[in-house]
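# Close look at the chain arrangement
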Amino acid sequence: MEGVPALDEPLKNALGAATAKVMAEHLDLHTLGDLLHHYPRRYAERGELTSLADLPLDEHVTVVAQVADARVHTFNGGRGRRLEVTITDGYGRLQLVFFGKGVHKPHKDLLPGTRAMFAGKVSMFNRRLQLSHPAYEPLTGDASAADAVDAFAGRLIPIYPACKQLESWKISKAVDAVLDRAADAVDPLPAALREGRGMVTLPEALRLIHRPRTKDDIERARERLKWDEAFVLQVALARRRFADTQLPAVPRVPAEDGLLTAFDARLPFTLTEGQRTVSKEIFDDLATAHPMHRLLQGEVGSGKTMVALRAMLAVVDAGGQAAMLAPTEVLAQQHHRSITEMMGDLAEAGLLGGSEHGTKVVLLTGSMGAVARRQALLDLVTGEAGIVIGTHALIEDKVQFHDLGLVVVDEQHRFGVEQRDALRSKGKQPPHLLVMTATPIPRTVAMTVFGDLETSVLDQLPAGRSPIASHVVPAADKPHFLARAWERVREEVESGHQAYVVCPRIGDEEDEKKAAAKKAPASSPAADDAEKRPPLAVLEVAEQLTRGPLAGLRVEVLHGRMQPDDKDAVMRRFAAGETDVLVATTVIEVGVNVPNATAMVIMDADRFGVSQLHQLRGRVGRGSAPGLCLLVTEMPEASPARARLGAVAATLDGFELSRIDLEQRREGDVLGQAQSGVRTSLRMLAVIEDEEIIAAAREEAVAVVREDPELEHLPGLRTALDALLDKEREQYLDKG
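One structure accompanies this document, and this report is about it.

Parameters at a glance
- Residues numbered from 1 in each chain as written.
- Predicted model: local features only at pLDDT ≥ 70, side-chain atom pairs only at ≥ 80, totals over all residues.
- Heavy atoms only, no water.
- Helix = DSSP H or I, 4+ residues; strand = E, 2+ residues; numbered from the N terminus.
- Buried < 20%, exposed > 50% of the residue type's maximum accessible area, 1.4 Å probe, protein only.
- Axes fitted to C-alpha atoms, helices over the stretch in contact; angles between N-to-C directions.
- Parallel < 35°, antiparallel > 145°, perpendicular 65-115°, else oblique.
- Left-handed = near helix turned anticlockwise from the far one by under 90°.
- Contact = heavy atoms within 4.5 Å.
- Nonpolar A, V, L, I, M, F, W, Y, C, P; charged D, E, K, R; others polar.
- Pairing = 2+ DSSP bridges.
- Salt bridge = Lys/Arg side-chain N within 4 Å of Asp/Glu carboxyl O.
- Polar contact = N/O pair within 3.5 Å; in protein donor to acceptor, adjacent residues only side chain to side chain.

### Points about the environment of tyrosine 91
By the element assignment, tyrosine 91 lies in the loop between β3 (80-88) and β4 (93-99). The class of tyrosine 91 is exposed, set by a relative accessible area of 76%.

Below you can see the structure in the form of structure tokens.
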């Protein structure tokens, strides 16, 4: 493989130490391969060489002309500057404009008499044609001017992701210097796959992406490079899954007439079709001799906990133990409470009145008293407790299990990778693993981020859950709509229900200090934003409501900086119906269940993400009465923020919303910091738009790994895999 080290060569050998240093520090580019994979972000079209007399509106043109006049105008009380340059080719004249910081350089370069090439898009202003911020290159008087014009016009100019220290055109020159080395690139795609799909080779794709002559060149290169990323990543994940199938695990088949049968017999309702299907997938996995790795996605309230509990009972039936890991103490306590309630006397093994089929269900959290903690640890090591629910306290060395058979992880995205692994290592053999999330994840993101897990989806709500009507309340355009919103809250309370009011901020001293520290100095570009009012705060809104539109109702506040006991007391009063309206921050987002709460008003709704709004809204309509969610905003109708709120109001489908969210935020945010190993490798692939490529790449990857798990016959692919997944990333994927 002589070609491999060629692209690992440090950039300083090809570009000199100074340029290489800037590329390493500011763009994280270190080798020839890094630079060749630093793709243009877009391409500027310079258009054909055109005379000033016949310029087409709205098209990209390149003109050669002489500067007749250049002058700077100030506006906005002297704060803004505009450079107007008039150029002529002897027949017609054309205006060029440059604004703001972009004024200084052209003012120096474009002195009257200077001859240059100008490229830009033709627009109309004050009934005159103009080019706004055109690219330009002065022409010297030598004979090569004609060649320069030729090279400059009629080309697609690559615009690279750049930095202040290194502009796009300098990066372009650096790419020119190393582009012939693309021939050394090792092709990771198996030849049969590449030829079968009619794709260009990798060296050719690199050449076309950097120096395309036509738009078709760009398309062909992009498709090929997207395939590389999708395929190499899916091979890595397929190898993980394959390796997992080689691990031993104890098959867990529930007893004929055991705990699970007894539990099912007492259920006061029938399981939904979805719950039955997903349970069957899980039971089939549990019965195999290698560890289950399954991701269970389901909307808030779709009954995931019920599915997880039945899986845990099946494992206890089969003689093992099950552990459920929750991200916070509040959630662990809530799971413990709801699971013991659902199980009744089946959760009281060994106690008077306990069922003969039963087991013990213990809670283990960091803040437990020493005596209770000692007893819980004892119940686990003896096997007395079949089910344990806890926070990361479960992972400590002291915690030992009699026979851990299943680990259930709730709200996966809040857990570090190591935590999930540490718990898995407590089994005598690798335990089965079920990961749950209430954040709907589009199929392709699941394939990319949780690709080492098989996926099950619960997408129907259990019977008895009510529909939620959602509306946008434009407080700025139509203040009477907001007044009507508070009337609706009163109406809900008068008919015996309760309501939430959600605000983005707390509004205590700590909060004010942070806001003051953030406020931008008047001279900064953010100063305009800083002039806007700060987000609405819980404490202020609660006070205004009790004095105004909700006077006479029982209003309480809840936020994250309250003492834990105070928080619990407020939640207990609200759950018991002793409070009418709870004004809160997003602390209510996860796990709060009050079926009598039917209305929610979200203030400054535009300051929340789409998925977050959907999670918040899931707190109402949990009983038999229909839910109402009002999204209050001061954003103008045409703004993207309003469009986002409109999307949330228009659908209750979390998967549809997560797609919208992802399209707006780009996948970087969604894949999150923890996934950086995967994320940095996705340069060309867009997880949502390229759904078909990812799905096809996954199928091809599975077939390749089935044939040749060690990739012995595919050295190019193995090399690409090593480059993509240095040890740290391999580890990351290992843990999902």
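### A short note on the packing of helix α12 (residues 273-286) against helix α13 (residues 304-317)
Between two packed helices, the angle of one axis relative to the other and the distance separating the axes together describe the packing. With their axes 10 Å apart at the nearest point, α12 and α13 run at an angle of 30 degrees to one another. Of the possible angle classes, the one that applies to α12 and α13 is roughly parallel. Handedness of the crossing formed by α12 with α13: right-handed. Contacts from Gln275, Val278, Ser279, Ile282, Phe283 and Leu286 of α12 reach α13 at Met306, Val307, Arg310, Ala311, Ala314 and Val315. Here the contact of α12 with α13 is composed, by residue class, of nine nonpolar, two polar and one charged.

### As for the packing of α13 against helix α14 (residues 329-343)
It is at 11 Å that the axes of α13 and α14 come closest, and there the two elements cross at 65 degrees. Classified by the angle their axes make, α13 and α14 are roughly perpendicular. Crossing of α13 against α14: the hand is right-handed. When α13 is examined against α14, the residues Thr305, Met306, Leu309, Met312 and Leu313 are found in contact with a partner set consisting of His335, Ile339, Met342 and Met343.

### Looking at the sheet that holds strand β21 (residues 627-633)
Pairing in this open sheet of six strands is parallel, and the strands run β16-β21-β20-β17-β19-β18 from one edge to the other. Each edge of the open sheet is held by one strand with a lone partner, namely β16 (468-474) and β18 (555-558). Strand-to-strand, the axes of this sheet are offset by a mean angle of 20 degrees, without reference to chain direction. Running over the sheet, helix α21 (residues 538-547) touches β17 (498-502), β18 and β19 (581-584) and is turned about 150 degrees from β19.

### Describing the environment of phenylalanine 98
With respect to the helices and strands, the residue phenylalanine 98 is situated in strand β4. Using a relative accessible area of 3% as the deciding quantity, one classes phenylalanine 98 as buried. Counting along the chain gives 17 residues from phenylalanine 98 to arginine 81, while the straight-line C-alpha distance between them is 8.6 Å. Among residues more than four places away in sequence, those in contact with phenylalanine 98 are Arg81, Arg82, Leu83, Val85, Val103, Pro106, Leu110, His133, Pro134 and Tyr136.

### Quick notes on the pattern of salt bridges
In this structure the tally under the stated criterion is 37 salt bridges. A salt bridge links glutamate 195 to arginine 194, with the shortest nitrogen-to-oxygen separation between them at 3.8 Å. For glutamate 195, a relative accessible area of 54% gives the class exposed. When its relative accessible area of 16% is taken as the criterion, arginine 194 is described as buried. Arginine 207 is the partner of glutamate 204 in a salt bridge, and the nearest nitrogen-oxygen pair spans 3.0 Å. With a gap of three residues between them, glutamate 204 and arginine 207 both fall in helix α9 (residues 202-210), about one helical turn apart. In this structure glutamate 204 comes out as partly exposed when scored by relative accessible area, which is 24%. One network of salt bridges, with partners in common, ties together Asp187, Arg194, Glu195, Arg224 and Asp228.

### Considerations on the sheet that holds strand β12 (residues 385-390)
Within a sheet, each strand pairs with its neighbour through backbone hydrogen bonds, oriented either parallel or antiparallel. Taken in spatial order, the seven strands line up as β11-β12-β10-β13-β14-β9-β15 in an open sheet, and their pairing is parallel. At either margin of the open sheet sits one strand with a lone partner, and together these are β11 (360-364) and β15 (454-458). Across the sheet, the mean angle from the axis of one strand to that of its neighbour is 20 degrees, orientation sign disregarded. Sheet analysis places strand β10 (residues 321-325) next to β12, joined by four bridges and oriented parallel. Bridge pairing in β12 links leucine 325 to glycine 390. Where α13 meets the sheet, it contacts β9 (293-298), β10, β12, β13 (404-410), β14 (432-437) and β15, and its direction lies at approximately 170 degrees from that of β13.

### A look at the side chain of histidine 210
Within the element layout of this structure, histidine 210 appears in helix α9. Within polar-contact distance, the side chain of histidine 210 engages the backbone oxygen of leucine 36 at 2.8 Å. Sequence-distant contacts of histidine 210, that is, excluding residues within four places in its chain, are made with Leu35, Leu36, His38, Tyr39, Pro40, Pro158, Tyr160, Val175 and Leu179.

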